[in-house]
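One letter stands for each residue in the lines below.
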Amino acid sequence: AYLDKFPTGVFAGIARARLARLDKTTIAISANTPLPQSVPPPPSDPPLVKLSKVLKDCDDCPEMVEIPPGIFKMGSSDVENAKPVHVVNVRGFLLGKTEVTQGQWRAVMGDNPSKNSDCGNSCPVELVSWADAQEFTKRLSQKTGKKYRLPSEAEWEYAARAGSTTEWSFGEDENQLDEYSWYLSNSVGKTHPAAEKRPNAFGLFDMYGNVSEWTQDCVNNNYVGAPTDGLAWTEGSCTRRVIRGGSWYSSPIDLRSASRPWNSAFVSLSDDIGFRIAKEP
């Protein structure tokens, strides 16, 4: 509309660049695919943090960011267990602004299992299994009267991408990881306080690195038969669960938005695995 009215206007160049970017990221959706109320815009360079609403149900509860509904392409043709790339329709939901911290864990559970406990209350909790994370969401739900849970794998990737289609939410240049992530090259072998790096376009911190994050989903070797409605995949190898985002121990390839390793659901042996919680709006 701007170009129609002001073809030689001050912002004409920017508008044409945005249109070109949209052409590259347009998603082919079948006629039977329901459209959400809104679709996240393509990423900017650098990405702009949206003014998402942040909610908190108690003084020591995690801050939750409103994630808008949308449609995105999940997976990657470059990640073997993330094929095939498929269109997913995600409902709006709330997601933790950061990973659950040691202080937040202690307020709900009364202890601190973390190996790096000297890091302090603002560092992510670790040495927690998927089952431990389930117990946390159960107790927090009882404490607040709200229904907390782990995010589905689709919700996690949608939130991590924040409208992007690139390897990472900020683009393809792994040299920018230092600005967004604690990982193998800069972590000096340990976790760090949450929210010290830059957020993604949804206003979420540490989606890459610091600690890997449990999702609700059972393990499957690829996306053949995966849900397309954003809900968790509760079939497959359910004694194992998918983890996302990579950690302080990860190399750049394992921090990609589409990377999807897994771990045993009931054993907490890793000081580089934590979690982030989700909730219905």
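In the block above lies the structure referred to throughout.
Residue positions are counted from 1 within each chain, in the order its sequence is given. Local features in a predicted model are, by the rule used here, given only for residues with pLDDT of at least 70; side-chain atom pairs are given and counted only at 80 or more, and totals for whole chains, interfaces and linings are based on all residues. To get the side-chain values, all heavy atoms of the structure are used, and hydrogens and water are removed first.

## Concerning the overall build of the chain
Secondary structure summary: the chain contains six helices and 11 strands in total. In the chain, the proportion of contacts linking residues at least 24 apart, taken out of those at least 6 apart, comes to 68%. Using a 1.4 Å probe, the Shrake-Rupley method yields the accessible areas, and only the shown protein chains count as cover for residues. Surface summary for the chain: the accessible area is close to 13100 Å², and the carbon and sulfur share equals 52%. Under the scheme used here, helices are H or I runs from DSSP no shorter than 4 residues and strands are E runs no shorter than 2 residues, and both carry numbers assigned from the N terminus. Contacts were defined at the residue level, with two residues in contact if any of their heavy atoms lie within 4.5 Å.

## Observations regarding the packing of helix α3 (residues 102-109) against helix α4 (residues 130-144)
The convention used is that axes are lines fitted to C-alpha atoms, helices contributing only their stretch in contact, and that angles between N-to-C directions extend from 0 to 180 degrees. For the pair α3 and α4, the least separation of the axes is 9 Å and the interaxial angle reads 65°. Relative to α4, α3 is oriented roughly perpendicular. In this structure, α3 crosses over α4, and the sense of that crossing is left-handed. Here α3 contributes Q104, W105, A107, V108 and M109 to the contact with α4, which in turn contributes D132, E135, F136, R139, L140 and K143. Under the convention adopted here, Pro, Cys and the residues Ala, Val, Leu, Ile, Met, Phe, Trp and Tyr are nonpolar, Asp, Glu, Lys and Arg are charged, and Gly plus all remaining residues are polar. A class-by-class count of the residues in the contact of α3 with α4 yields six nonpolar, one polar and four charged. Orientation is classified from the angle alone, with under 35 degrees giving roughly parallel, over 145 giving roughly antiparallel, 65 to 115 giving roughly perpendicular, and any other angle giving oblique. By convention the crossing between two helices is left-handed if the near helix lies anticlockwise of the far one by an angle smaller than a right angle, and right-handed if it lies clockwise.

## A short note on the sheet that holds strand β10 (residues 273-275)
Strand pairing is assigned whenever DSSP identifies at least 2 bridges connecting the two strands. Spatially, four strands are ordered β9-β8-β7-β10 in an open sheet, and the strand pairing comes out mixed. Each edge of the open sheet carries a strand with a single partner, namely β9 (262-264) and β10. On average, each strand axis in the sheet is inclined to that of its neighbour by 55°, with strand direction left out of account. As paired strands, strand β8 (residues 237-244) and β9 are joined by three bridges and run antiparallel to one another. Looking at β9, one finds that R241 is bridged to N263.

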